[in-house]
Amino acid sequence: TKTYEGFTYTENGSEITITGYTGDKTELVIPGEIDGKKVTDIGTHAFYKYSSLTSVIIPEGVTNIGDCAFLGCSGLTSVTIPASVTKIGKGAFRKCSALKTVTISKSIKEIGKDAFRDCKSLKKITFKGTKVQKIGKNAFKNIHKKAVIKVPASKKKKYQTLIKKSGCKIKVKK
C-alpha cells in the first residue's frame, strides 16, 4: 500500500484503487490519477465510518464504487458521482444519514444491495441515464419518507419495476 496526499492506494498494472484516507480533511476531492496512473476504483471500506467527511468528489475515470466504500459516513451531505461510474457496490453509501440528494450518473448499470439504505435525510434521487439493469435488495430502504425519485421518461416503467422489486415503495417521477 502506498500513500498520496493522505489517500492510501494499491496499483493494479496501470490502474489505481483508493483503499483509504489517513488525512483529516472534511471535504475531499479524490485524485483522478497518481503518478500518471488512472484512479479507477474506490475500494471496499475505503472511507468506512469517516464521520467527519462532509463532501466528496469522485473523479471522472472511476468506474466502480466498492462495497461499503462510504458506509457510516454520517456527516456526508454531498457526493459527486462522475459519468464514468458503472457500478455502486453493496452498502456503498449505507448509513450516510446526512446525505440529502444523490445523482445516479448516466453510465451506472448496477446499484448494489443496501447501497443507500438508512440514508434517512435522502430526499432526492435523480437517475440521469438509461442503463440501470439491476437495483439490489433494500438499496433505498429507510430513506426519507417524502423522497422523490426522478428518472428519464423513456425508462419510467422499467425503473419503477426495478425500484419496486428492490423493496422500495416510492413512486418514480419523470
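Once a new chain begins, its residue numbering starts again from 1 and follows that chain's sequence as written. Local features are withheld for residues below a pLDDT of 70 in this predicted model, meaning they are given only at 70 or higher, and side-chain atom pairs are given and counted only at 80 or more; totals for whole chains, interfaces and linings count all residues. Each side-chain value is derived from all of the structure's non-hydrogen atoms; neither hydrogens nor water enter the calculation.

1. Examining the sheet that holds strand S7 (residues 55–57)
Within a sheet, each strand pairs with its neighbour through backbone hydrogen bonds, oriented either parallel or antiparallel.
And step 1. With parallel pairing, three strands are arranged side by side in an open sheet as S4-S7-S9. Each edge of the open sheet carries a strand with a single partner, namely strand S4 (27–29) and strand S9 (78–80). When strand polarity is set aside, the average angle formed by the axes of neighbouring strands in this sheet is 5 degrees.
And step 2. Pairing of S4 with S7 involves three bridges; the strand directions are parallel. In the sheet register, Val29 faces S7, and the bridge partner there is Ile57. If DSSP finds at least two bridges between two strands, the strands pair. Helix and strand definitions here come from DSSP, where helices need a minimum of 4 consecutive H or I residues and strands a minimum of 2 consecutive E residues; each element is numbered from the N-terminal end. Lines fitted to the C-alpha atoms define the axes, with helices restricted to the stretch that makes contact. Angles between their N-to-C directions range from 0 to 180 degrees.

2. Looking at the nonpolar core
And step 1. Within the largest apolar cluster, 54 residues are counted, with the highest numbers of intra-cluster contacts made by Phe47, Phe70, Ile88, Phe93, Phe116 and Phe127.
And step 2. Counting residues per element, the ones that place at least two in this core are strand S2 (7–12), strand S3 (15–21), strand S6 (37–42), strand S11 (101–104), strand S13 (124–127) and helix H1 (156–165).
And step 3. Residue contacts are defined here by distance: any two heavy atoms, one from each residue, within 4.5 Å place the two residues in contact. Filtering out sequence-adjacent residues up to four positions away, Phe70 remains in contact with Ile30, Ile42, Phe47, Leu53, Val56, Ile58, Ile65, Ala92, Phe93, Arg94 and Cys96. Buried Ala, Val, Leu, Ile, Met, Phe, Trp, Tyr and Cys residues that are joined via side-chain atoms within 4.5 Å together make up what is termed a nonpolar core. Burial status follows relative accessibility: with a 1.4 Å probe on protein chains alone, a residue under 20% of its type maximum counts as buried, one over 50% as exposed, and anything between as partly exposed.

3. Section: the state of the cysteines
And step 1. By disulfide we mean two sulfur atoms from cysteines, separated by a distance within 2.5 Å. Taken as a whole, this structure holds zero disulfides when the rule is applied.
And step 2. The structure places no disulfide on Cys68, whose sulfur is separated from the nearest cysteine sulfur, that of Cys96, by 11 Å.
And step 3. Free cysteine Cys96: the closest other cysteine sulfur is in Cys73, separated by 5.1 Å.

4. Focus: the side chain of Arg117
And step 1. Residue placement: Arg117 occurs in the loop between strand S12 (110–111) and S13.
And step 2. Setting aside chain neighbours within four positions, we find Arg117 in contact with Phe93, Arg94, Lys95, Asn138, Ala139 and Lys141.

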